[in-house]
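Coordinate analysis (summary)
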Protein chains: 2
Amino acid sequence: MNANKIPDIIIGRLPIYLRALQRMADKGIHTTSSQELGERVGISAAQIRKDISQFGEFGKQGTGYRIPYLIDKIREILKVDRIWDVAVVGAGDMGHALARYPGFVNRGFRIVMVFDNDPSKVGQQLGDFTVQDTAEMAEAIQKADVQVAMVTVPATAAQEVADKLIKAGVKAILNYAPISLTVPDDVRVQHIDPATHLQRMTYYL
Amino acid sequence: MNANKIPDIIIGRLPIYLRALQRMADKGIHTTSSQELGERVGISAAQIRKDISQFGEFGKQGTGYRIPYLIDKIREILKVDRIWDVAVVGAGDMGHALARYPGFVNRGFRIVMVFDNDPSKVGQQLGDFTVQDTAEMAEAIQKADVQVAMVTVPATAAQEVADKLIKAGVKAILNYAPISLTVPDDVRVQHIDPATHLQRMTYYL
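What this report covers is the structure whose coordinates are included nearby. Just so we're clear, the structure is a prediction, and the values are computed from it rather than from any experiment.

Below, the discussion takes up the packing of aromatic side chains. In total, this model carries four aromatic pairs over all chains according to the counting rule given. Their ring planes at 70° and their centres at 4.9 Å tell us that Tyr101(B) and Phe104(B) sit as a pair that is edge-to-face. Exposure remark for Phe104(B): the relative accessible area of 3% places this residue in the buried category. In this structure, Arg188(A) packs its charged tip against the face of Tyr204(B), placed 3.5 Å from the ring centre.

Shown next as structure tokens:
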């Protein structure tokens, strides 16, 4: 398996399969088929078979996929068979919601620090965290070797924050600010912007 | 222009172009090129020219695009040259953040009602809204002709909420619950799940 050869678009679908498989496992279901999985995630059975076959022979014709085995394999491929420490920058409403979000740990992530540059927020308790000053961010991230960050600051501040994070060693940014970030080639950015998602749908209304 | 023939993937990029163009307009920039826009959004200039040319001749060789004109055109295509009323279901941390999010109105959306089934939340003030009982949801949505909803309830409740919303006339759902929703063909779903986005990036770390 040459990791670098798997197309981005397939990597993008694996977390969706994983989520559905974990949900089936939670319900006590042990095997599934590409048809059943396809119905759950809205992707064709043929596409699912093709995607999964990229990584080896996980299922058998006729007997389907063993869910726990497939979960283990996808977690391994996506490197979420471990826990990644995550920094949150921006302790507003969204930072607040993320810091208290219970859905990260069993999917490979753990928030370990929250930053804000607003003196009225620094030192406050936010879920399990004390909000730290953004001025201390670079050092804290470097020291703890944090590679993943979520940015929930206003659009005007997001690029500057991203630059600082990258300089401190962050390689993956989940950006909630409504602005596209410019980053070096070795840094990954994913974007969550509810208005953009809504606009993708109104076209069809 | 035959709206039904434009591929989903192009429609998906238009909100990203629109966001970048609006940001340039806010900064007082009046014209741009496919190169400049491409650098801002991380998409090739050739792709941008191809996407935009689907809808007609908006730019001139050598002089680039007039930003206000292009903004108007994309807003018209995406149908966000109007304001869509939006219902939020789930008044937890995420519903709270969305209800107070200032970034919707100038992008075509306005939250008009918030629902929860928790008696301790019903009647409470959340930003500008009084949280209503989910039991009243279908009637309120039907009466107000709301077609767009954001679902921030737990995974176990999300499908049932979606079914009720669809029955009441909702045609576009932004789903924050970590579960894939099953919906009829004439209903659109977009999914926001931070763990999925993070998992797309760890593969590359």
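Before going further, it helps to spend a moment on the relation of the copies chain A and chain B. For the pair chain A and chain B, the superposition axis carries a translation of 0.0 Å, the fit reaches an RMSD of 0.0 Å, and the rotation angle comes to 180°. A rotation of that kind, with that shift, is consistent with a two-fold axis. Taken as a fraction of all interface residues of chain A, those also at the interface in chain B reach 100%, which identifies the copy contact as same-surface.

With that settled, the discussion passes to the interface of chain A and chain B. At the interface, 62 residues of chain A touch 62 residues of chain B. Together, the buried faces of chain A and chain B total about 5,900 Å²; carbon and sulfur atoms form 62% of this surface. When residues of chain A are sorted by the area they lose upon contact with chain B, Gln199(A), Tyr203(A) and Leu205(A) head the list and together hold 14% of the total. Between the two partners, chain A and chain B, sit six salt bridges. Where Asp93(A) meets Arg100(B), a salt bridge forms, and the shortest distance between an N and an O atom there is 2.7 Å. Mapped by element, the contributors of at least two residues to the side of chain A that touches chain B are α1 (8-26), α2 (34-41), α5 (93-99), β9 (148-151), α7 (155-167), β10 (172-175), β11 (188-191) and α8 (194-202) of chain A. If you tally residues by element for the side of chain A that touches chain B, the top one is α8(A), at nine residues.

Parameters and conventions
- Residues numbered from 1 in each chain as written.
- Chains lettered and ligands numbered in written order.
- Predicted model: local features only at pLDDT ≥ 70, side-chain atom pairs only at ≥ 80, totals over all residues.
- Heavy atoms only, no water.
- Phe/Tyr/Trp six-rings, centres within 6.5 Å; stacked < 30°, edge-to-face > 60°.
- Buried < 20%, exposed > 50% of the residue type's maximum accessible area, 1.4 Å probe, protein only.
- Lys NZ or Arg CZ within 6 Å of the ring centre and 35° of its normal.
- Least-squares fit on C-alpha atoms with pLDDT ≥ 70 in both.
- Contact = heavy atoms within 4.5 Å.
- Buried area = accessible area lost by both parts, 1.4 Å probe.
- Salt bridge = Lys/Arg side-chain N within 4 Å of Asp/Glu carboxyl O.
- Helix = DSSP H or I, 4+ residues; strand = E, 2+ residues; numbered from the N terminus.

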